[in-house]
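Commentary on secondary and tertiary structure
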Amino acid sequence: MHELSIAISLVDLACEEKQRRDLPGVRAVRLRLGARSGVVKDALTFSFDLAAAGTCIEGAALRIEETPGQELELFALEVED
């Protein structure tokens, strides 16, 4: 299941950005996911929750914007106030 390795990479990137910007917390990770990317949305969502457990973004939601293309792009972090 390559979705788990993708999820781990997303969590790593989000944690790095949180620490780099000294953000108080991350509420959600926003991702664009293309229908032709070869990534299964449900598997990625499940894997994301596993990968985020015990990290600085534990409890953050993965919000996926589906597109018709091949995108797999982390485009935003929703931060806590």
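Note: the structure precedes this text.
The rules we used
- Each chain has its residues counted from 1, following the order in which its sequence is written.
- Given that this is a predicted model, residues contribute local features only at a pLDDT of at least 70 and side-chain atom pairs are listed and counted only at 80 or more, while totals for whole chains, interfaces and linings are drawn from all residues.
- To obtain the side-chain values, all non-hydrogen atoms of the structure were used and water was disregarded.
- Runs of H or I in DSSP of at least four residues are treated as helices and runs of E of at least two as strands, each being numbered from the N terminus.
- Two things to know: the radius of gyration comes from C-alpha atoms, and the globule rule equals 2.2 Å times the number of residues to the power 0.38.
- The buried label goes to any residue with under 20% of its type's maximum accessible area, the exposed label to any with over 50%, and the partly exposed label to all in between, with areas taken from a 1.4 Å probe on protein chains only.
- Contacts are residue-level and defined by heavy atoms, with any inter-residue pair within 4.5 Å sufficient.
- With residues, only the protein chains shown are counted as cover, and all accessible areas are computed by Shrake-Rupley using a 1.4 Å probe.
- Distance and chemistry together define a polar contact, namely a pair of N or O atoms within 3.5 Å, with one atom able to donate a hydrogen and the other to accept it when in protein, and with adjacent residues in sequence counting only for side-chain atoms on both sides.
- Here, the term nonpolar core denotes a set of buried Ala, Val, Leu, Ile, Met, Phe, Trp, Tyr and Cys residues that are joined through side-chain atoms within 4.5 Å.
- Only four residue types enter the tally: Lys and Arg on the positive side, Asp and Glu on the negative side, with His and both chain ends excluded.
- A carboxyl oxygen of Asp or Glu within 4 Å of a side-chain nitrogen of Lys or Arg is what we treat as a salt bridge.
- Pairing of aromatic side chains requires ring centres within 6.5 Å, counting the rings of Phe and Tyr and the six-membered ring of Trp. Pairs whose planes differ by under 30 degrees are stacked, by over 60 edge-to-face, and all others tilted.
- Only when the NZ atom of a Lys or the CZ atom of an Arg is both within 6 Å of the ring centre and within 35 degrees of the ring normal do we say a charge sits over the ring.

Now for the overall build of the protein chain. For the protein chain, the count of helices and strands is two helices and three strands. Shown N-terminal to C-terminal, the secondary structure of the protein chain runs as helices and strands in the order α-β-α-β-β. Relative to a compact globule of 81 residues, whose C-alpha radius of gyration would be 12 Å, the protein chain shows 12 Å and is just as compact. Projected onto the principal axes, the alpha-carbon positions of the protein chain cover approximately 35 × 20 × 15 Å. Relative to its 81 residues, the protein chain shows a buried fraction of 36%. Put simply, 83% of the contacts in the protein chain that link residues at least 6 apart link residues at least 24 apart. When the accessible area of the protein chain is evaluated, it comes to approximately 4900 Å², of which 48% is carbon and sulfur surface.

We now examine the environment of E66. Here E66 lies in strand β2 (residues 61–67). Taking the relative accessible area as the measure of exposure, E66 reaches 56% and is therefore exposed. Contacts of E66, omitting those with residues within four sequence positions, involve L33 and K41. Reaching out from E66, the side chain makes a polar contact with the side chain of K41 at a distance of 3.1 Å.

Looking now at the nonpolar core. Soluble globular proteins tend to pack their nonpolar side chains together in the buried interior. With 19 residues, the main nonpolar core has V11, V29, L44, F48, I57 and L62 as its most contacted residues. Of all the secondary structure elements, the ones that give two or more residues to this core are α1 (2–21), β1 (26–34), α2 (41–52) and β2. Ignoring anything within four residues of it in the chain, the contact list for L62 reads V29, L31, L44, T45 and F48.

Here we take up the side chain of E3. Relative to the assigned elements, E3 resides in helix α1. Lacking a salt bridge, the buried E3 has K41 as its closest oppositely charged neighbour, with an N-O distance of 13 Å. Among residues more than four places away in sequence, those in contact with E3 are G38, V39, V40, A43, L44 and S47.

Our focus in this paragraph is the packing of aromatic side chains. Counting across every chain of the model gives zero aromatic pairs. Taking NZ or CZ as reference, R32 lies 3.9 Å from the ring centre of F75, over its face.

Note that every value here comes from positions in space, so none of it alone points to a role or purpose.
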